[in-house]
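# Reading the structure
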Protein chains: 2
Amino acid sequence: MKIYAVGLGPGDVSYMIPEAREVIRSCDTVVGYTVYIDLISDLLAGKELISTGMTAEVERCEAAVAEALRGKQVCVVSSGDAGIYGMASLLYEAAEPYPALEVEVVPGITAAAAAAAILGSPLSNDFAVISLSDLMTPWEVIERRLDAVSAADMVTCLYNPRSKKRCDYLEKAAAIALRHKPPTTNCGYVRNAFRDTGSEACLCTLADLATADVDMFTTVIIGNADTRVIHGKLVCARGYRL
Amino acid sequence: MKIYAVGLGPGDVSYMIPEAREVIRSCDTVVGYTVYIDLISDLLAGKELISTGMTAEVERCEAAVAEALRGKQVCVVSSGDAGIYGMASLLYEAAEPYPALEVEVVPGITAAAAAAAILGSPLSNDFAVISLSDLMTPWEVIERRLDAVSAADMVTCLYNPRSKKRCDYLEKAAAIALRHKPPTTNCGYVRNAFRDTGSEACLCTLADLATADVDMFTTVIIGNADTRVIHGKLVCARGYRL
């Protein structure tokens, strides 16, 4: 028996890999957050849908496992990459009591890659990916990671930079980066990267990042000493001599 | 005028996004490293190919820009994601003297995402991506980054873990991680993730990583305190309560 964790990519179907479409097509049951299910409505005819709100991740995975144990072909869908802040790890944990149930992950274009492509090429050298959501990771750990990667002058990609409950987290993150990086450091952020609703992208300096207009659908990239702006795009130069 | 940097994904066409195929199809000229060009041979009928060896990145980008300035529709292809250790940043630099020439990046499944999907779900929380190649980044900087992300207990994905000239770099990287992470830390590595030749995946502990059989086509993932092995797969548990 197999159960799939499938990454849908950023939203536009042109950015979803063919393997994801094939796996979804092959399944009897598709499980996911309501908004993500809507992204793939053209693939869902005749399938059973188990669709829940944002915070019901555990219930979604347990429902998916129960369906698979009943003999159904099941996939759990996430936006972006199912293995990067997606449902894959939770699905492995939910399936752990059933060794006969094999989990397979289908990757997708994660928000870091989508935002980077829209902004220019800011992730062309070493980088870190850090979520500012402290629902699952203590804020002290997040702060320690932000401090470490900033001190090592790594480009840093921030997921979940702000929510209603955590309205000052991006401000705090920017302040930590400013301990080590100059205020002129080039940064950028993208809302709704490659969604059919259209992306909004902005460049700014690290000094201005704290007051950037971001929300939970925004991905933020903090540059490093090699990050330049070339004709309005954010580029991490890799040091080739031209 | 537009010139494209296109990510081909890991190799298998089922893992290349439709947008990449469309852009390649629309181009007159396709520029890339010989091995990557071979991956998309079915798309290349009637196109001009500019195909060079591994270390001729600068020449490839300059040739691509020259073709675009002659009025051709041109794309430069990279394996994985064009913006993650790919050709995108170099293309921005090569196109910089020509403001009328717009660079557009088409993302792809990068090796970190491909290797993670094969190993299980090791990148489900914060992580760092670091290349061990010191062709473009001084080794001291790489060491500092490895030390920083290990001290902050971040999962770490290593690109280019070994080459003929740099046969002991993975050993050095593992030794740095061992300053901060216990030798029992779960790790994994994948060679040729999602290539049509077939992937080879292995799990090991951090103590055994130094002697792992890796090459430049291998991606290595060093886990953290939350990284577990579940039924033979590497999983970074996010802390949900099941």
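About the criteria used
- Residues numbered from 1 in each chain as written.
- Chains lettered and ligands numbered in written order.
- Predicted model: local features only at pLDDT ≥ 70, side-chain atom pairs only at ≥ 80, totals over all residues.
- Heavy atoms only, no water.
- Contact = heavy atoms within 4.5 Å.
- Buried area = accessible area lost by both parts, 1.4 Å probe.
- Salt bridge = Lys/Arg side-chain N within 4 Å of Asp/Glu carboxyl O.
- Polar contact = N/O pair within 3.5 Å; in protein donor to acceptor, adjacent residues only side chain to side chain.
- Nonpolar A, V, L, I, M, F, W, Y, C, P; charged D, E, K, R; others polar.
- Pairing = 2+ DSSP bridges.
- Helix = DSSP H or I, 4+ residues; strand = E, 2+ residues; numbered from the N terminus.
- Buried < 20%, exposed > 50% of the residue type's maximum accessible area, 1.4 Å probe, protein only.

This paragraph deals with the interface of chain B and chain A. When the parts of a complex come together, some accessible area is lost, and that lost area is often taken as the interface size. Contact residues are listed per partner, giving 66 residues for chain B and 66 residues for chain A. For the chain B and chain A pair, buried surface summed over both sides reaches about 6,100 Å², with 59% attributable to carbon and sulfur atoms. Residue R145 of chain B pairs with D126 of chain A through a salt bridge whose shortest N-O separation is 3.0 Å. Taken together, the connections running from chain B to chain A amount to 28 residue pairs in polar contact (both at pLDDT 80 or more). Residues that form the side of chain B that touches chain A fall into these classes: 38 nonpolar, 14 polar and 14 charged. Relative to strand β7 (residues 127-131) of chain B, strand β7 (residues 127-131) of chain A is paired through three bridges, and the arrangement is antiparallel. Bridging across to β7 of chain B, V129 of chain A finds its partner in F127 of chain B.

On to the pattern of salt bridges, then. Tallying each qualifying case throughout the model produces 24 salt bridges over all chains. Close ionic contact of R191 of chain A with E200 of chain A constitutes a salt bridge, the shortest N to O distance being 3.3 Å. A salt bridge links D215 of chain B to R191 of chain B, with the shortest nitrogen-to-oxygen separation between them at 2.5 Å. Of this pair, D215 of chain B sits in the loop between α8 (206-209) and β11 (218-222) while R191 of chain B sits in strand β9 (residues 186-191), and the two are 24 residues apart along the sequence. Owing to a relative accessible area of 21%, D215 of chain B belongs among the partly exposed residues under this scheme.

Let's shift gears to the side chain of S131 of chain B. You can see S131 of chain B is positioned in strand β7. The class for S131 of chain B is buried, based on a relative accessible area of 6%. Within the local environment of S131 of chain B, its side chain forms a polar contact with the backbone nitrogen of S133 of chain B, the two atoms lying 3.1 Å apart. Apart from residues lying up to four places away in sequence, S131 of chain B is in contact with D126 of chain A together with Y85, I142, Y159 and N160 of chain B.

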